[in-house]
Amino acid sequence: MDKEQFLSVKNSLPPHVKLVAVTKTHPPETVLEAYRLGHKIFGENKVQELVAKQQVLPGDIEWHLIGHLQTNKVKFIVPFISMIQSVDSLKLMQVINSEAAKIDRVINCLLEFHIAGEETKFGLNMDEARKILESDEYKAMKNVRICGVMGMASFTSDRNQIRKEFRSLVEIFQTLRSDYFADSEYFREISMGMSGDYKIAIEEGATIVRLGTILFGERIK
Ligand SMILES: *Cc1c(COP(=O)(O)O)cnc(C)c1O
């Protein structure tokens, strides 16, 4: 990796924006290089790859899962994960809650919303989120902590479209905060922005950006 590039992007971010360095497809050595530059927050999108890296890398790394999570894989990450950014169903939350209860952890989660105009497979809409948050099952959960929202904009060169989608996520965040989390000190994160669109995301209010390519170069196929 190019250390100058890593540091110049990282240092260009406003202090209130947290950088999740996305290392998917890159070897543990790449994570370690960034770690040695003082970076501690990394994101992976696949459980198997995440666990393999976590096992060989320093224990004080904060790992974020940013990709779709299957319920049968929850148990592999619950012991160490800092945040699951891709929570998109009540069923998944129930499994996270019960696995976390077994080891007495509380897992930080973001609700993933489908904000892109294009067809993508994952993410909630507002109705689905309301249904979850109003359910007795959710209200009884003691080991899941919802810290905010996550979303991905369309893969398009239309900057206005991207901005519109980010604005819709901010609106969702604000609505949820006032309707369900007015008393929560934890509900404060808006995770949006990748290498191609993070500047727009920050202008629109991102508190977390998830950057891979711009930090580490093209992914390894
Ligand atoms: C891969 C990935 C990123 C990082 O993408 P880049 O364009 O390489 O910065 C961010 N978020 C999610 C959910 C991803 O899967």
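Position numbers for residues count from 1 along each chain, tracking the sequence in the order it is written. Local features in this predicted model are restricted to residues whose pLDDT is 70 or higher, and side-chain atom pairs enter the listing and the counts only when it is 80 or higher, whereas totals over whole chains, interfaces and linings include all residues. Side-chain calculation: all heavy atoms of the structure are included, whereas hydrogens and water are not.

A few words now on the overall build of the chain. A helix here means a DSSP run of H or I that spans at least four residues, while a strand means a run of E at least two residues long, and both kinds are numbered starting from the N terminus. Looking only at helices and strands, the chain has ten helices and eight strands in total. With C-alpha atoms as the basis for the radius of gyration, the globule rule is written as 2.2 Å multiplied by the number of residues raised to the power 0.38. Computed over its C-alpha atoms, the radius of gyration of the chain comes to 17 Å, within 12% of the 17 Å expected for a compact globule of 221 residues. C-alpha atoms of the chain, sized along the principal axes, occupy 50 × 45 × 30 Å. Here the chain holds 221 residues, and the buried ones make up 48% of them. Working definition: with a 1.4 Å probe on protein chains only, accessible area under 20% of the residue-type maximum means buried, over 50% means exposed, and in between means partly exposed.

Among the secondary structure elements, Arg210 is positioned in strand 8 (residues 208-211). Buried within the structure, Arg210 lacks any salt-bridge partner; Asp197 is the closest side chain of opposite charge, at an N-O distance of 6.8 Å. In contact with Arg210, other than residues within four places in its own chain, are Val20, Val22, Ile66, Gln85, Met150, Gly151, Met152, Ser191, Met192, Gly193, Met194 and Ser195. Residues scored as positive are Lys and Arg, those scored as negative are Asp and Glu, and His as well as the terminal groups of each chain are ignored. By definition here, a salt bridge exists when the distance from a side-chain nitrogen of Lys or Arg to a carboxyl oxygen of Asp or Glu is within 4 Å. Working rule for contacts: check all heavy atoms of both residues, and any pair within 4.5 Å makes them a contact.

Here we take up the pattern of salt bridges. All chains considered together, the criterion is met by nine salt bridges. Between Arg163 and Glu203 there is a salt bridge, and its shortest N-O distance comes to 2.7 Å. Taken together, the positions of Arg163 in helix 8 (residues 159-180) and Glu203 in helix 9 (residues 198-204) put the pair 40 residues apart, joining distant regions of the chain. The class for Arg163 is partly exposed, based on a relative accessible area of 22%. The closest approach of N and O atoms between Arg167 and Glu204, which form a salt bridge, is 2.9 Å. Taken together, the residues Arg167 in helix 8 and Glu204 in helix 9 connect sequence positions 37 residues apart. For Arg167, a relative accessible area of 47% corresponds to the partly exposed category.

Moving on, we get to the layout of surface pockets. One number sums up the size of the largest pocket: a volume of about 1,000 Å³. Using only the protein atoms, space was sampled on a 1 Å grid; points where a 1.4 Å probe fits but cannot get out form cavities, open sets with protein on both sides within 12 Å along at least five of seven lines form pockets, and lining residues are those with an atom within 4 Å of a point. For the largest pocket, the lining is made up of 39 residues, of which Lys24, Asn45, Met152, Met194 and Arg219 are closest to its centre. Taken together, the residues of the lining of the largest pocket break down into 15 nonpolar, 14 polar and ten charged. Grid points are joined across faces, edges and corners, and a volume is the space filled by probe spheres set on the points. Its boundaries defined by the atoms lining it, the second largest pocket holds a volume of some 240 Å³. Broken down by element, the lining of the second largest pocket gets its largest block of residues, three residues, from strand 6 (residues 144-151). Amino acids outside the nonpolar list (Ala, Val, Leu, Ile, Met, Phe, Trp, Tyr, Cys, Pro) and the charged list (Asp, Glu, Lys, Arg) are all regarded as polar, and Gly is one of them. The residue inventory of the lining of the second largest pocket, partitioned by class, reads nine nonpolar, one polar and three charged.

To continue, consider the site of the ligand. Nearness here has a simple test: a residue counts as near a molecule or strand if at least one of its heavy atoms is within 4 Å of that partner. What surrounds the ligand is the set Val22, Lys24, Ile66, Met152, Met194, Ser195, Arg210, Leu211, Gly212, Thr213 and Arg219. Polar contacts here mean pairs of N or O atoms no more than 3.5 Å apart (in protein, one a potential hydrogen donor and the other a potential acceptor; neighbouring residues in sequence count only if both atoms are side-chain atoms). Between the ligand and Lys24 there is a distance of 2.6 Å, counted from an oxygen atom to a side-chain nitrogen or oxygen. Computed with the Shrake-Rupley method and a 1.4 Å probe, the accessible areas treat only the protein chains shown as cover for residues. Coverage of the ligand by the protein chains reaches 91% of its 390 Å² of free accessible surface. Assignment of a molecule to a cavity or pocket requires that more than half of its atoms lie within 2 Å of the corresponding grid points. Assessed atom by atom at 2 Å from the grid points, the ligand resides in the largest pocket. Class assignment of the residues belonging to the shell around the ligand gives a composition of five nonpolar, three polar and three charged.

Along strand 4 (residues 83-87), five of the five residues are buried, which leaves the element largely enclosed by surrounding structure. Sheet analysis places strand 3 (residues 62-65) next to strand 4, joined by two bridges and oriented parallel. Across the sheet, residue Leu65 finds its bridge partner in strand 4, namely Ile84. Being paired, for any two strands, means DSSP has found at least two bridges between them. Note that strand 4 and strand 5 (residues 107-113) share three bridges and pair parallel. Counterpart to Val87 in the pairing with strand 5 is Leu111.

Just distances and angles here, no functional claims.
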